[in-house]
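# Analysis of the macromolecular model
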Amino acid sequence: MKKVGLYFGTFNPIHIGHLAIANHMAEFSDLDALWMVVTPHNPHKKKSSLLDNHHRYEMVYRATQQYPRLQPSDIEFKLKQPNYTVDTLAYLQEKYPEYTFSLIMGEDNLKSFHKWKNYEVILEHHDIYVYPRIAEGEIKTQFSNHPNIHSIDAPIMEISSTFIRKAIANHKNIRPLLPEAVWEYIDEMNFYK
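Below you will find a few notes about this structure. These numbers were taken from a predicted model, which means no experiment stands behind them. (Residues numbered from 1 in each chain as written. Predicted model: local features only at pLDDT ≥ 70, side-chain atom pairs only at ≥ 80, totals over all residues. Heavy atoms only, no water.)

Right, let's get into the sheet that holds strand 5 (residues 128–131). Adjacent strands of a sheet pair through backbone hydrogen bonds, lying either parallel or antiparallel. Judged by pairing direction, the sheet is parallel, and its six strands sit side by side in the order 3-2-1-4-5-6 without closing on themselves. What marks the edges here is a single partner per strand, and that holds for strand 3 (70–73) and strand 6 (149–151). Strand-to-strand twist in this sheet, taken as the mean axis angle between neighbours without regard to direction, amounts to 30°. Here strand 2 (residues 33–38) runs beside strand 3; their pairing, made up of four bridges, is parallel. What sits directly across from Trp35, in strand 3, is Gln71. The strands that helix 1 (residues 16–28) touches are strand 1 (2–9), strand 2, strand 3, strand 4 (99–106) and strand 5; relative to strand 2, the one it contacts most, it runs at about 145°. Sheet contacts for helix 2 (residues 53–64): strand 2 and strand 3; angle to strand 3, the most-contacted strand, approximately 170°. (Pairing = 2+ DSSP bridges. Helix = DSSP H or I, 4+ residues; strand = E, 2+ residues; numbered from the N terminus. Axes fitted to C-alpha atoms, helices over the stretch in contact; angles between N-to-C directions. Contact = heavy atoms within 4.5 Å.)

Right, here's the structure in full:
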């Protein structure tokens, strides 16, 4: 049974923090592969600064080319909106019965996980791999010793896509924060200016 980790994000744009975490999860956990699932539109985020789905997918595709265990996924583009993680997992499990799917999330997301739609169902059927984040608040006791929740001691990456977009708009050179192929695409397409 192949174990696939799902790392969801708007990836607007994908940056070296995302890549470092994804690669760390693929290399230092028992996952066989990691799919970077580009989310179409998070209802909690303003749509205006969000690039079109295909552009964000293209950046993730370019960023993951040199990492055989990482791959981009546009699976959520095909599902009805608004979409919930529990529905995506059910869809994937049906489509790929030969795989087991796990979630990758930051500690900050684990703190609000109890607010997710049908989080108990997710936890019952899927492992969750958690990477450290600097964040306020406590992790609910029900999650701190759960057998399906695994803390992975990944490097703490506090780079945000919001910071990158603002910096580009202000004509700052943030090239070291982006995979080279992504920087070139943003530059060529004149994004975030």
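Across all of its chains, the model carries 14 aromatic pairs by this definition. Both rings, one in Phe113 and one in Trp116, keep their centres 5.0 Å apart while their planes meet at 65°; by these two values the pair is edge-to-face. Overall, Phe113 belongs to the buried group, its relative accessible area being 0%. A relative accessible area of 26% means that Trp116 is categorised as partly exposed. A cation sits over an aromatic face here: Arg175 above Trp183, 3.8 Å from the ring centre. (Phe/Tyr/Trp six-rings, centres within 6.5 Å; stacked < 30°, edge-to-face > 60°. Buried < 20%, exposed > 50% of the residue type's maximum accessible area, 1.4 Å probe, protein only. Lys NZ or Arg CZ within 6 Å of the ring centre and 35° of its normal.)

The buried fraction of strand 1 amounts to seven of the eight residues, a majority that puts the element mostly inside the structure. By the bridge criterion, six bridges tie strand 1 to strand 4 in an arrangement that is parallel. Following the sheet pairing, Val4 is matched in strand 4 by Phe101. Pairing between strand 1 and strand 2: six bridges, direction parallel.

Right, let's talk about helix 7 (residues 161–169) for a bit. Residues spaced three or four apart along an α-helix point in a common direction, a consequence of the helix completing one turn every 3.6 residues. What helix 7 keeps buried is the set Ser161, Ile164, Arg165, Ala167 and Ile168. The arc that holds every buried residue of helix 7, seen down its axis, measures 165°, which confines them to one face. Tucked into the core, helix 7 has its buried residues touching helix 1 and helix 8 (180–189). Positive backbone phi, at 60°, marks His171, one or two positions downstream of helix 7. (Arc of directions from axis to C-beta.)

By the element assignment, His15 lies in the loop between strand 1 and helix 1. A polar side-chain atom of His15 sits 3.2 Å from the main-chain carbonyl oxygen of Ile159. Setting aside chain neighbours within four positions, we find His15 in contact with Ile159, Ser160, Ser161, Ile164, Leu177, Leu178 and Pro179. (Polar contact = N/O pair within 3.5 Å; in protein donor to acceptor, adjacent residues only side chain to side chain.)

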